[in-house]
Amino acid sequence: MIAPATLPAPGIDIAMAAHAALPVLTTERLELRAPLLSDFALFAEILASQRSTFLGGPMDEEQAWTEFTNYCAGWLLRGDGVFAVIKSGETIGFIFAGCEPGDEALELGFLMAADFEGEGYAFEAAKAALVHLFTIGAPEVVSYIDPENSRARALADRMGGVFVSSLDGVCVYHYTVGGIA
């Protein structure tokens, strides 16, 4: 398969106009924006690793492309979706702030490149996305986390998430407007 980001994009002007209408969040160190084709390489790299087993990975490039386009489509279909997390012009991860089939509420998910863990970037980005979801009127937000992913569980706790249940072997954390850390 040819990497989708390397194929011609004759409608790029249309795509960029739509992209310009989507929210951009800024924090002290980061920018969160809807993904561009150039962000796919990192997304595919993360999903090709053992870090993606909770999502059904490791995935090949074609499977990663399906996931990438699914997350990006949320922006056009629902007005929510995945944010690329940018630090000094470099994409360092992704924060999902949207809804997938089967979700009980809007979901907050985190996918950071391994090189950028432990620096507080996931917390900073996820907090900005969570505030954004509540600002646009989300009645509730949840995170679905692998019970064995202690870092993600600690992040949910740090953000004020409350562990509410285990659903089919998945830890469900619930966030409320007043509970944001």
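I will try to describe carefully the structure that is included in this document. Just so it is clear, the structure is predicted and the values come from calculations on it, not from any experiment.

### Here we look at the packing of aromatic side chains
- If you walk through the whole model with that rule in mind, you get ten aromatic pairs.
- Ring centres of Phe-40 and Phe-68 lie 5.3 Å apart, and the angle between their planes is 65°; this geometry places the pair in the edge-to-face category. On the criterion of sequence distance, the pair formed by Phe-40 in helix 2 (residues 40-47) and Phe-68 in helix 3 (residues 61-77) is long-range, its members being 28 residues apart. With respect to burial, Phe-40 and Phe-68 carry one shared label: buried.
- In this structure, Arg-153 is placed above the aromatic ring of Phe-163, and the distance from its NZ or CZ to the ring centre is 5.6 Å.
- If you follow Arg-158 out to its NZ or CZ, it ends over the ring of Phe-123, 3.8 Å from the centre.

### Here we look at the layout of surface pockets
- In this structure, the largest pocket encloses a volume near 1,000 Å³.
- As for the largest pocket, its lining consists of 40 residues, and the residues nearest its centre are Gly-109, Phe-110, Leu-111, Asn-149 and Ala-152.
- Listing elements by their share of the lining of the largest pocket, those giving two or more residues are helix 2, helix 3, strand 4 (90-98), strand 5 (106-112), helix 4 (121-135), strand 6 (141-145) and helix 5 (150-158).
- Counted by class, the lining of the largest pocket contains 22 nonpolar, seven polar and eleven charged residues.
- Surrounding the second largest pocket, 18 residues form its lining, Ala-15, His-19, Pro-35, Leu-37 and Cys-72 being those nearest its centre.
- Counting only elements with at least two residues in the lining of the second largest pocket, the list comes to helix 1 (12-20) and helix 3.
- Classifying every residue of the lining of the second largest pocket by side-chain character gives 16 nonpolar, two polar and no charged.

Rules behind the numbers
- Residues numbered from 1 in each chain as written.
- Predicted model: local features only at pLDDT ≥ 70, side-chain atom pairs only at ≥ 80, totals over all residues.
- Heavy atoms only, no water.
- Phe/Tyr/Trp six-rings, centres within 6.5 Å; stacked < 30°, edge-to-face > 60°.
- Helix = DSSP H or I, 4+ residues; strand = E, 2+ residues; numbered from the N terminus.
- Buried < 20%, exposed > 50% of the residue type's maximum accessible area, 1.4 Å probe, protein only.
- Lys NZ or Arg CZ within 6 Å of the ring centre and 35° of its normal.
- 1 Å grid on protein atoms, 1.4 Å probe; cavity = no way out; pocket = protein on both sides within 12 Å on 5 of 7 lines; lining within 4 Å.
- Points joined across faces, edges and corners; volume = space filled by probe spheres on them.
- Nonpolar A, V, L, I, M, F, W, Y, C, P; charged D, E, K, R; others polar.

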